[in-house]
Amino acid sequence: MKKGLTKAGIGSIDDVLFIQKAAEYGFEAVDLDAKQLVDKIGLETAQQLLNEHGIIIGSIGLSVEWRGTDEQFKQGLEGLALSAARAEQLGCTACTTYILPSTDEKAASFMARSISRLRWCAEVLGVYGIRLGLEFVGPHHLRTAWKYPFIWTAEETLEMIDAIGLSNVGLLVDFYHCHTTGLTPNALLQLKENQIVHVHINDAYDLPVEQLLDNDRAYPGEGVIDLSGYLSSLARIGYHGVVSQEILSPAQPEGTWDDLLARSRSGFGKVFK
């Protein structure tokens, strides 16, 4: 497995510096917008930058607003091919999005439209050899944040993936969401390696799971989640992809970029050990 970073937990940092710093602190991947990087420094320079530092792009975010209006969706879909092309050119093979556990629309109609739209997105991504990872979101407070409950477990998300019906669609497994939905390391063994597109690592404070907030997470190794257990399960089912730190918090964590990167490196070392 490759140790990776998102900017969540590091802060607002320039993409070029992010890549350089990730390599300096022993990470092997970063999640960022490939098209944005190419637009800024050019394709050849971006490729050289990644190669020189031994860094890959673990995942890009899905740039399409698939939850919104038809107009928003169509506008986003028009630009998806270019985003996917840039990702392919930089060696990235994953694109991810999240599924909130409640909605203001009736669940059946929202599900039908979501399946159709995500299938469109996956078809475009598939042309460029990119897989689409769907992230189930577990924190209890979000299950009632909107009018109607939706889906929030790996099992339900896999059913949605089956309905989409494309081989390049799978799960984004986030350990925080595993913890808040009761998906244990042993339960993770029931998944197959090809069902997982991408992984997020983070930790949780010592609170009842019903009280854990989505935007208040701990750094790896600083909380109560059995991260080593989850990583061991991933290894046992043959997952060799990226495990990217994602630390959502109410405010920017204190410290410099170097402080936070050193903290992240220490946490990874503890749980991977």
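Refer to the structure printed above.
Residues numbered from 1 in each chain as written. Predicted model: local features only at pLDDT ≥ 70, side-chain atom pairs only at ≥ 80, totals over all residues. Heavy atoms only, no water.

Our next topic: the sheet that holds strand β1 (residues 2-5). If you trace the nine strands from one edge of the open sheet to the other, you get β3-β2-β1-β11-β10-β9-β7-β5-β4, paired in parallel fashion. In the strand order of this sheet, the two ends are held by β3 (56-57) and β4 (60-61), each with one partner. (Pairing = 2+ DSSP bridges. Helix = DSSP H or I, 4+ residues; strand = E, 2+ residues; numbered from the N terminus.)

This part is about the side chain of S102. Structurally, the position occupied by S102 is in strand β6 (residues 102-103). The exposure class assigned to S102 is buried, which follows from its relative accessible area of 4%. Polar contacts involving the side chain of S102 include one to the main-chain amide nitrogen of W146, which spans 3.2 Å. Beyond its immediate chain neighbours, meaning those up to four positions away, S102 contacts L142, R143, T144, A145, W146, Y148, P149 and F150. (Buried < 20%, exposed > 50% of the residue type's maximum accessible area, 1.4 Å probe, protein only. Polar contact = N/O pair within 3.5 Å; in protein donor to acceptor, adjacent residues only side chain to side chain. Contact = heavy atoms within 4.5 Å.)

Attention shifts here to the pairing of strand β10 (residues 196-201). Counting buried positions along β10 yields six of six residues, so the element is predominantly enclosed. As paired elements, strand β9 (residues 169-174) and β10 share four bridges and run parallel to each other. The residue of β10 that forms the bridge with L171 is I196. Pairing between β10 and strand β11 (residues 242-245): three bridges, direction parallel. The partner of I201 across the bridge, within β11, is Q245. Considered for its hand, the β-α-β crossover made up of β10, helix α9 (residues 227-236) and β11 is right-handed. (Right-handed = clockwise from strand over helix to strand, strands pointing away.)

On to the layout of surface pockets. In this structure, the largest pocket occupies an estimated 470 Å³ of space. Looking at the lining of the largest pocket, the elements that each hand over two or more residues are α2 (34-41), β4 and β5 (94-99). The dominant element in the lining of the largest pocket, judged by the number of residues it contributes, is β5, at three residues. Its residues assigned to classes, the lining of the largest pocket shows nine nonpolar, eight polar and eight charged. Counted as a void, the second largest pocket has a volume near 220 Å³. Surrounding the second largest pocket, 16 residues form its lining, G58, T93, V197, G241 and V242 being those nearest its centre. Among the secondary structure elements, those contributing two or more residues to the lining of the second largest pocket are β3 and β10. Looking at which element gives the most residues to the lining of the second largest pocket, the answer is β10, with three residues. Its residues assigned to classes, the lining of the second largest pocket comprises eight nonpolar, five polar and three charged. (1 Å grid on protein atoms, 1.4 Å probe; cavity = no way out; pocket = protein on both sides within 12 Å on 5 of 7 lines; lining within 4 Å. Points joined across faces, edges and corners; volume = space filled by probe spheres on them. Nonpolar A, V, L, I, M, F, W, Y, C, P; charged D, E, K, R; others polar.)

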